Amino acid sequence: MIHMLDSIKRIPLWLKVVILAMQGLFFFAVGITLQGFYSDHQRHLAYERATQQQKLYRNSITRLGEFRGLCTLARIEPTPSSELIQLCESASFNLVEALEAMDYPDAEIDQILSVDGQYYEIFLRKSAYSEQLLKELFQIYRDSGVQLEEGTLSYTAGRTIFVHLPDLIEKLGVLRGITGLANSGLAPRNALYIAEGRVTEILSNTRNTIEAFEQANASSSPSEFLLDFEIIEQQIVEHFERLDRYRFMELKDPTKDYDLDLFLKATEALDEIEQLYDVTEETYISLLASKHDRTDQLAGRSILFALVTQFLLILIFRFMLRAIHQIEETSEQAMQASSSLAKTLKQQDKMFAIIGHELRTPAAALNMQLNELRLQDGHNRRIEEVHATSQHLLDVLDDMRVGTDKSLITESRVETQLSVYRIIKEASHTLYYTANQYGVDIQVRGNSDGNHIGFKKQIRQIIINMTKNAIVHSQGTQVTLDLSHKASEEETEYRLQIIDNGKGIPDKDVDRLFEAFERGDTKASGTGLGLHISRELARSLSNGDLVFSPNPEGGAIFTLSFTLKQAKHEEAAAAAAAAKEHAIKGKKILLVEDTATLRMLGKTILTREGAEVVDVENGQLALDAYSKQSFDLIITDIMMPIMDGYELTETLRSWGATLPIIGVTGATVGNEADNLLAKGADRVMPKPLNLDQLETALKEIEAN
């Protein structure tokens, strides 16, 4: 044991730090994984509880609607039939049973069953109880976290069973119950029309959500979910037509109970909604279970990987102890002969090369696992930090490998189609955040080029290395990438200058500028391999080189030159078509949306297409953001708390804002779109946000 401790003390300090850092990183990754698993498990339990509660509320809303409608018909009929009386009594019994299942106090149940007062007054009182049940169900939907579900499929399915279908059952139940009162003159006819309008509005909202589900499902044919809903839509439309026919019917059969017939027809539509409810609920539960299973599997694999990695580290550590012991013995013998000493040092170098390789293998695998966790929980700052650390470790190991073995430059090179100008643009976008940190403005000059054949990864690495080097080390305020090219029949000669206006490079440092691990006169951190690797990569290209020259106006100029073969015409045409950019690329967009999930999804979609997005949750915050910075486009919801889209648009136009304002709304029935256009919006689109519709709208606005 004492000998082992002495051997550990003699391990180089840098190797101890690396081992301890890797050990800590592994344990931290395991902790993050377990924490994520626990959070997901708690979230899953909350969803299950909310789903069970919504079943009880759904049953109570349905039973209350039956009781309200049937017993109203029984009371207004001068001589109700025995069938109607029996249906009323059965509905009363079922309602009591449903409310008792929710632990409603007997006193409240008696109030709900009370029939004291005028017919219409009693009906409105029962409707108020039903509205209260809807509010309580929406509170469960919000508090349980179902409202914030990130997956589009589970979000839309959850919203359908927690919000839309209960609301549709209640509003159609109101229409069903108020029909008899309106036909008997005991309720205003206008109340019947209002009830029809509310049912129509809810149908529209439900269709929008189901279509969002269909779009996310990416199926080639409509699902049973959508087909069932369309049947319900048709039944309700037919019921509206039936109500109109009854209203204008001149001769009525006195032996026929038309109100009861209309009631039962509406009940058929409600039965179809109940069936759709069951299908949607089953789909939602299946989606939650699938997501939970994936999380469990990922957590299990992560923990298993950590255990295997831990075991490998132990083996590596034992190997190190044994190797160091052998080195000590060899060193003692080497003191007697210089040849033995040289052989021992060579063995030592080889050993550390093996250790470096073994460290990189689990580090790369850990980086992949952390990236999976980062995609699932992108807002976790600690995961982002650990992921960035693991990525930095991989980058350092890669640079050290290339810096010590130039043959690795041509390792796994693949020729692909590329556009040098597009690579430069992509590189400038990649380094935008770094440039912003250092207060440097990146400019790209030159003409676009056609498609060519070459080593895209190597060219991109040179451009990023050199541009980042100018940003970080030049201490200037501007970096310009100036591209020029000269095409011949078969190939094109390229010349790219990376120009900065910084402090420049002293003459005494120019001769060793491209040497490995040479950092020059800089205060910024780095390995000193960037210029060295970049020139070696450049010289591996056809007629390639990278040279330095001083900038006459102050600063430095690095000139990259190389030759590429031109791509065939057919290949270039295909590449050009694939490179088509969306109209929002490069635009700065202010996204105003009060629903957190829609705001997150919208920002993700827009950002993926190359837009810079600032998102806020209401009109007042949008005005605050607009007053502090400039935007190219505003996309706003209409109905929002604090300040809605109408007031936001009107205020912006009164301030003299001329940028395009596009509204998005879920209320596609009514005059909301016309009202927003009247306030100064350029276009209004239905939710969910669609990139094709957005591009069409922008082109129309620009054409006008």
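These numbers were taken from a predicted model, which means no experiment stands behind them.

S.K.: Is there a simple way to explain the overall build of the chain in this structure?
M.R.: Check the secondary structure of the chain and you find 22 helices and twelve strands. Residues counted as buried form 43% of the 704 residues belonging to the chain. Summarising the internal contacts of the chain: among those between residues at least 6 apart in sequence, 71% fall at separations of at least 24. As displayed, the chain has an accessible area near 37,000 Å², and 52% of this comes from carbon and sulfur atoms.

S.K.: Looking at this structure, how should I read the sheet that holds strand 11 (residues 661–665)?
M.R.: Two orientations exist for strands paired in a sheet by backbone hydrogen bonds: parallel and antiparallel. Across the sheet, five strands lie side by side as 9-8-10-11-12; this open sheet has parallel pairing. On the outer flanks of this sheet lie strand 9 (612–616) and strand 12 (683–686), each paired with one strand and no other. The mean inter-strand angle of the sheet, taken between neighbouring strand axes irrespective of direction, is 20°. With four bridges connecting them, strand 10 (residues 633–637) and strand 11 associate as parallel partners. Directly across from Ile 634, in strand 11, lies its bridge partner Ile 661. Sitting on the sheet, helix 18 (residues 596–608) is in contact with strand 8 (588–592), strand 9 and strand 10, with an inclination near 170° to strand 9.

S.K.: Looking at this structure, I do not really get the packing of aromatic side chains. What am I missing?
M.R.: The geometry of an aromatic ring pair is captured by the separation of the ring centres together with the interplanar angle, meaning the angle of the planes. A complete count under the given rule lists seven aromatic pairs for this structure. Ring centres of Phe 514 and Phe 558 lie 6.2 Å apart, and the angle between their planes is 85°; this geometry places the pair in the edge-to-face category. Of the two residues, Phe 514 sits in the loop between helix 15 (507–510) and helix 16 (530–539) while Phe 558 sits in strand 7 (residues 556–566), which places them 44 residues apart along the sequence. Look at Phe 558 and you get buried, because its relative accessible area is 4%. By the ring-pair criterion, three or more aromatic residues cluster together here, those being Phe 138, Tyr 141, Phe 162 and Tyr 284. Seen from the ring of Tyr 277, Arg 58 lies directly overhead, with NZ or CZ sitting 4.1 Å from the centre. In this structure, Lys 588 packs its charged tip against the face of Phe 631, placed 5.4 Å from the ring centre.

S.K.: In this structure, what is going on with the pairing of strand 6 (residues 545–550)? I would like to understand it.
M.R.: The side chains of a regular strand alternate between both faces of the sheet. Bridging between strand 6 and strand 7 involves six bridges; their strand directions are antiparallel. Looking at strand 7, one finds that Pro 550 is bridged to Ala 556.

S.K.: Whenever I open this one, the environment of Ala 266 confuses me. Can you help?
M.R.: You can see Ala 266 is positioned in helix 9 (residues 258–334). Between the C-alpha atoms of Ala 266 and Leu 172, which are 94 residues apart in sequence, the distance is 7.7 Å. Setting aside residues up to four positions removed in sequence, Ala 266 forms contacts with Leu 172, Arg 176 and His 239.

S.K.: Please explain a negative patch on the surface as it appears in this structure.
M.R.: A contiguous patch of negative charge on the surface is contributed by Glu 97, Glu 100, Asp 106 and Asp 110. Counting residues per element, the ones that place at least two in the negative patch are helix 3 (82–101) and helix 4 (106–113). By the element assignment, Asp 106 lies in helix 4. Its relative accessible area of 54% is what places Asp 106 among the exposed residues.

S.K.: Honestly, the confidence of the model for the chain in this entry has me stumped. Any pointers?
M.R.: Low pLDDT marks stretches whose predicted atomic positions should not be read closely. Per-residue pLDDT for the chain has a mean of 80; in total, 80% of the residues score no lower than 70. Counted against residues more than four places away or in other chains, residues 348–365, with its pLDDT under 50, gives 24 contacts.

S.K.: Looking at this model, I keep getting lost on the packing of helix 6 (residues 152–183) against helix 7 (residues 189–217). Mind explaining?
M.R.: When two helices pack together, you describe them by how their axes are tilted relative to each other and by the distance separating the axes. The interhelical angle for the contact between helix 6 and helix 7, taken along N-to-C directions, is 160°, at an axis separation of 9 Å. Put simply, helix 6 runs roughly antiparallel to helix 7. Helix-helix and strand crossings are classified by hand; for helix 6 and helix 7 the assignment is left-handed. Residues belonging to the contact of helix 6 with helix 7 are distributed by class as follows: 18 nonpolar, ten polar and six charged.

S.K.: Sorry, what's going on with the state of the cysteines here?
M.R.: Working definition of a disulfide: a covalent bond connecting the sulfur atoms of two cysteines. Applying the stated rule across the entire model yields one disulfide. Cys 71 shares a disulfide with Cys 88; S-S distance 2.1 Å. One quick way to see it: the torsion about the S-S bond of Cys 71 and Cys 88 is about 105°, and its sign makes the bridge right-handed. Taken together, the positions of Cys 71 in helix 2 (residues 13–76) and Cys 88 in helix 3 put the pair 17 residues apart, joining distant regions of the chain.

Scoring rules and cut-offs
Residues numbered from 1 in each chain as written. Predicted model: local features only at pLDDT ≥ 70, side-chain atom pairs only at ≥ 80, totals over all residues. Heavy atoms only, no water. Helix = DSSP H or I, 4+ residues; strand = E, 2+ residues; numbered from the N terminus. Buried < 20%, exposed > 50% of the residue type's maximum accessible area, 1.4 Å probe, protein only. Contact = heavy atoms within 4.5 Å. Areas by Shrake-Rupley, 256 points an atom, 1.4 Å probe, with all protein chains shown as cover. Pairing = 2+ DSSP bridges. Axes fitted to C-alpha atoms, helices over the stretch in contact; angles between N-to-C directions. Phe/Tyr/Trp six-rings, centres within 6.5 Å; stacked < 30°, edge-to-face > 60°. Lys NZ or Arg CZ within 6 Å of the ring centre and 35° of its normal. Patch = residues over 30% accessible without salt bridge, like charges linked within 9 Å, V, L, I, M, F, W, Y side chains within 5 Å. Salt bridge = Lys/Arg side-chain N within 4 Å of Asp/Glu carboxyl O. Lys, Arg positive; Asp, Glu negative; His and termini not counted. Charge placed at Lys NZ, Arg CZ, Asp CG, Glu CD. pLDDT = per-residue confidence, 0-100. Parallel < 35°, antiparallel > 145°, perpendicular 65-115°, else oblique. Left-handed = near helix turned anticlockwise from the far one by under 90°. Nonpolar A, V, L, I, M, F, W, Y, C, P; charged D, E, K, R; others polar. Disulfide = S-S within 2.5 Å.

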